[in-house]
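The residues making up each chain are set out below.
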Amino acid sequence: MSAATRLQELLGIALPIIQAPMAGVQGSAMAIAVSNAGGLGSLPCAMLGPEAMRSEIEAIQAQTTRPFNVNFFCHTLPANDAPRQRAWLHALQPYYTEWGIDPARIASGPGRLPFDGAAAELLSVLKPPVVSFHFGLPTPDLLAQVKAWGAKVMSSATTVEEARWLEDHGADVIIAQGLEAGGHRGMFLTEALTSQLGTFALLPQVVAAVKVPVVAAGGIADAHGVAAAMALGAAGVQAGTAYLLCPEATTSTLHRQALQSDAARHTALTNLFTGRPARGIVNRFMREQGPMSGLAPAFPLATAAVAPLRAQAEAMGSGDFSPLWAGQNVSGCREVSAAAMTRALGAAQPGVNVR
Ligand SMILES: Cc1cc2nc3c(=O)[nH]c(=O)nc-3n(C[C@H](O)[C@H](O)[C@H](O)COP(=O)(O)O)c2cc1C
């Protein structure tokens with residue numbers, strides 16, 4: 001049995017294409033369209049409260065009978081570090097002054113919450129067929145709860161060590177996330193950026209190291225890229241950036257414009273927006289303060305202080321303080337339906353001529 005067939009049977013999908021969960025730029029509409037087209041649609045839940053999560057999952061269940069994925073972050077919330085917070089606000093003070101913002105009025109709050117008991121309870125009622133995690137896996141008891149209704153579990157690995165760890169701790173599918181990928185690095189056993197590999201260096205090493213199916217992610221934007229990943233042993237592909245211009249995405253106008261401009265050719269990993277490295281299109285904030293900064297508070301606490309700058313700049317039509325998440329390969333971004341994008345990515349199956 002080919003690796004792709006194994007993945008397709010495990011997840012119950014017709015095409016070995018997974019639409020990457022992308023918090024902040026898509027909801028149920030994208031997941032429904034992709035699942036109905038034969039891929040695996042994903043709902044990012046990292047920024048959803050319980051009510052929104054329930055209604056989004058119910059919307060998916062009402063509009064597709066096909067499998068879908070719900071995605072969570074599983075970081076540990078850091079303690080507040082007052083001196084670091086002060087240093088961060090001090091670094092941002094020139095921008096507050098420029099935009100006339102009073103930093104004392106900045107709302108604090110974590111922004112992105114990890115998977116917890118309440119989410120597990122809700123899911124055990126709704127029983128999504130696939131659950132994926134970023135930043136490792138939840139605690140063994142929470143993971144057991146997820147597996148209790150038969151959900152298949154996926155998680156991202158950015159190194160061979162992380163892939164082995166995920167397999168040892170119960171992941172059914174491993175997403176090998178290469179350095180090209182847009183959005184947050186899923187890294188969880190190391191903080192060293194020098195440990196991070198490109199997709200086609202990481203993928204074959206992960207395939208050789210684990211027995212579970214491996215999905216390739218990062219910089220794969222068309223059927224040829226999918227075919228190349230399959231040739232290196234991938235059982236499927238998880239693509240994110242390619243879907244960002246689809247009408248089902250909620251990508252902002254500013255973000256869409258940036259993706260279609262020359263600026264999209266220059267992305268970098270930055271921790272300025274959340275506290276963890278994530279890949280986005282380089283903008284003024286990243287150029288002036290980073291792209292990486294030792295001052296940014298730990299994930300996800302960096303977000304709050306940047307939020308008013310982002311809001312002010314966006315209100316004036318500027319993406320200079322917005323996280324313009326994108327991978328290194330925007331060449332596949334098209335203003336086509338998510339179904340058409342899924343079929344185009346899936347056209348590289350054996351026996352199908354992609355040209
Ligand atoms: C805008 C954006 C948001 C993302 N948000 C998430 C997320 O919420 N959860 C997650 O597991 N991965 C997230 N990712 C990372 C993807 O899962 C995946 O690794 C990446 O999109 C693959 O690389 P590509 O963007 O080059 O296709 C995000 C990626 C992008 C581009």
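Structure's up top.
Please read these numbers as outputs of a predicted model, since none were measured by experiment. Counting restarts for each chain: residues are numbered from 1 in the order of the written sequence. Two thresholds apply to this predicted model, a pLDDT of at least 70 for residue-level local features and 80 or more for giving and counting side-chain atom pairs, whereas whole-chain, interface and lining totals are computed over all residues. Side-chain numbers come from the whole structure's heavy atoms, not from hydrogens or water.

**Student:** Explain empty space enclosed by the protein to me, using residue names and the numbers behind them.
**Tutor:** A pocket here means an open set of points on a 1 Å grid, computed over the protein atoms alone, that has protein on both sides within 12 Å along at least five of seven lines. A cavity is instead a set of points where a 1.4 Å probe fits but cannot get out; residues with an atom within 4 Å of a point line either one. Grid points are joined across faces, edges and corners, and a volume is the space filled by probe spheres set on the points. Evaluation of the coordinates by the stated rule reveals 2 cavities of 30 Å³ or more. Taken as a whole, the largest cavity encloses approximately 540 Å³ of empty space. In terms of lining, the largest cavity is formed by 35 residues, of which the most central are Ala20, Pro21, Met22, Gly182 and Gly183. In this text, helices come from DSSP runs of H or I with a minimum length of four residues, and strands from runs of E with a minimum of two, each type numbered from the N-terminal end. When residues of the lining of the largest cavity are traced back to their parent elements, those giving at least two are β3 (68-73), β4 (130-134), β6 (173-177), β7 (183-184) and β9 (236-239). By residue number, the principal contributor to the lining of the largest cavity is β4, which donates 3 residues. All residues other than Ala, Val, Leu, Ile, Met, Phe, Trp, Tyr, Cys, Pro, Asp, Glu, Lys and Arg, Gly among them, are scored as polar; the first ten of these are nonpolar and the last four charged. For the lining of the largest cavity, the per-class residue count stands at 17 nonpolar, 16 polar and 2 charged. Considered as a void within the structure, the second largest cavity measures approximately 30 Å³ in volume. Every residue lining the second largest cavity is listed: Asn80, Asp81, Gln85, Pro297 and Leu301. Looking at side-chain class alone, the lining of the second largest cavity contains 2 nonpolar, 2 polar and 1 charged residues.

**Student:** Give me the packing of aromatic side chains: which residues, what numbers.
**Tutor:** A pair of Phe, Tyr and Trp rings is counted when the ring centres sit within 6.5 Å of each other, with Trp represented by its six-membered ring. The angle between the planes then sorts it: under 30 degrees is stacked, over 60 is edge-to-face, the rest tilted. In total, this model carries 14 aromatic pairs according to the counting rule given. Ring centres of Phe73 and Phe135 lie 4.8 Å apart, and the angle between their planes is 55 degrees; on these two criteria the pair is classed as tilted. Highlighted residues: Phe73 in strand β3 and Phe135 in the loop between β4 and α6 (140-148), separated in sequence by 62 residues. For each residue, the accessible area found with a 1.4 Å probe, counting protein chains only, is set against the maximum for its type, and the residue is called buried under 20%, exposed over 50%, and partly exposed in between. Using a relative accessible area of 7% as the deciding quantity, one classes Phe73 as buried. Here the aromatic rings of Tyr95 and Phe321 are separated by 5.1 Å at their centres, their planes lie at 70 degrees, and the arrangement is edge-to-face.

**Student:** A description of the site of the ligand should follow, citing residues and the corresponding values.
**Tutor:** Pro21, Asn71, Gly219, Gly240 and Thr241 are the nearest of the 21 residues found near the ligand. Two N or O atoms form a polar contact when they lie within 3.5 Å of each other; inside protein one atom must be a possible hydrogen donor and the other a possible acceptor, and for residues adjacent in sequence the pair counts only when both atoms belong to side chains. Within the side chain of His134, an N or O atom sits 3.3 Å from an oxygen atom of the ligand. Note that an oxygen atom of the ligand is positioned 2.9 Å from one of the backbone N or O atoms of Gly240. Protein chains bury 99% of the 590 Å² of accessible surface belonging to the ligand in isolation. Any molecule with more than half of its atoms within 2 Å of a cavity's or pocket's grid points is counted as sitting in it. Given that more than half its atoms are within 2 Å of the pocket grid, the ligand belongs to the largest cavity. For the shell around the ligand, a count of residues per class yields 10 nonpolar, 11 polar and no charged. Each residue is tested against the molecule or strand, and it is near if at least one of its non-hydrogen atoms lies within 4 Å. Method for areas: the Shrake-Rupley scheme with a 1.4 Å probe, in which residue coverage is limited to the protein chains shown.

**Student:** An account of the sheet that holds β6 is requested, with residue identities and associated values reported.
**Tutor:** In sheet architecture, strand pairing relies on hydrogen bonds along the backbone and comes in two forms, parallel and antiparallel. Spatially, β1-β9-β8-β6-β5-β4-β3-β2 is the arrangement adopted by the 8 strands of the open sheet, whose pairing is parallel. The open sheet has two edge strands, β1 (17-19) and β2 (41-44), and neither has a second partner. When strand polarity is set aside, the average angle formed by the axes of neighbouring strands in this sheet is 25 degrees. Inspection of the sheet shows strand β5 (residues 152-157) paired to β6 by 4 bridges, in the parallel sense. The residue bridging Ser156 from the neighbouring strand is Ile175, located in β6. A pair of strands is considered paired only if DSSP assigns at least 2 bridges between the two. All axes here are fitted lines through C-alpha atoms, helices being fitted over the stretch that makes contact, and every angle between N-to-C directions spans 0 to 180 degrees.

**Student:** How would you explain the pairing of strand β11 (residues 278-281) if you had to name every residue and give the values?
**Tutor:** One ladder, built from 2 bridges, connects β7 with β11; its direction is antiparallel. Counted as the bridge partner of Gly183 is Arg279 from β11.

**Student:** How would you explain the pairing of β5 if you had to name every residue and give the values?
**Tutor:** The side chains of a regular strand alternate between both faces of the sheet. Burial analysis of β5 places 5 of its 6 residues in the buried class, the great majority of the element. Relative to β5, β4 runs parallel, the two sharing 4 bridges. Among the inter-strand pairings, Val130 is bridged to a residue of β5, identified as Lys152. Seen with the strands pointing away from the viewer, any crossover whose path from the first strand over the helix to the second strand runs clockwise is right-handed. Between the parallel elements β4 and β5, the chain passes through α6 in a crossover that is right-handed. A crossover connection joins β5 to the parallel β6 through helix α7 (residues 160-168); in handedness this β-α-β unit is right-handed.

**Student:** Describe the sheet that holds β11, with residues and values.
**Tutor:** Overall, antiparallel pairing links the 3 strands, which are arranged β7-β11-β10 in an open sheet. Two strands close off the open sheet at either side, each with one partner strand: β7 and β10 (267-270). As paired strands, β10 and β11 are joined by 4 bridges and run antiparallel to one another. Pairing of Leu269 across the sheet is with Arg279, part of β11.

**Student:** Any details on the layout of surface pockets? Residues and values, ideally.
**Tutor:** When its volume is computed, the largest pocket comes out at roughly 450 Å³. Residues belonging to the lining of the largest pocket are distributed by class as follows: 10 nonpolar, 7 polar and 3 charged. Taken as a whole, the second largest pocket holds about 320 Å³ of empty space. Around the second largest pocket sit 21 residues that line it, and Met47, Arg112, Arg310, Pro323 and Trp325 are the ones nearest its centre.

**Student:** Any details on the pattern of salt bridges? Residues and values, ideally.
**Tutor:** One speaks of a salt bridge when a side-chain nitrogen belonging to Lys or Arg is within 4 Å of a carboxyl oxygen belonging to Asp or Glu. Taken as a whole and assessed by the stated rule, the structure comprises 6 salt bridges. Note that Glu288 is salt-bridged to Arg284, the shortest N-O span being 3.1 Å. Linking Glu288 with Arg284, this pair stays in helix α11 (residues 284-289), spanning 4 residues, or about one helical turn. Judged by relative accessible area, Glu288 falls into the partly exposed class, the value being 44%.

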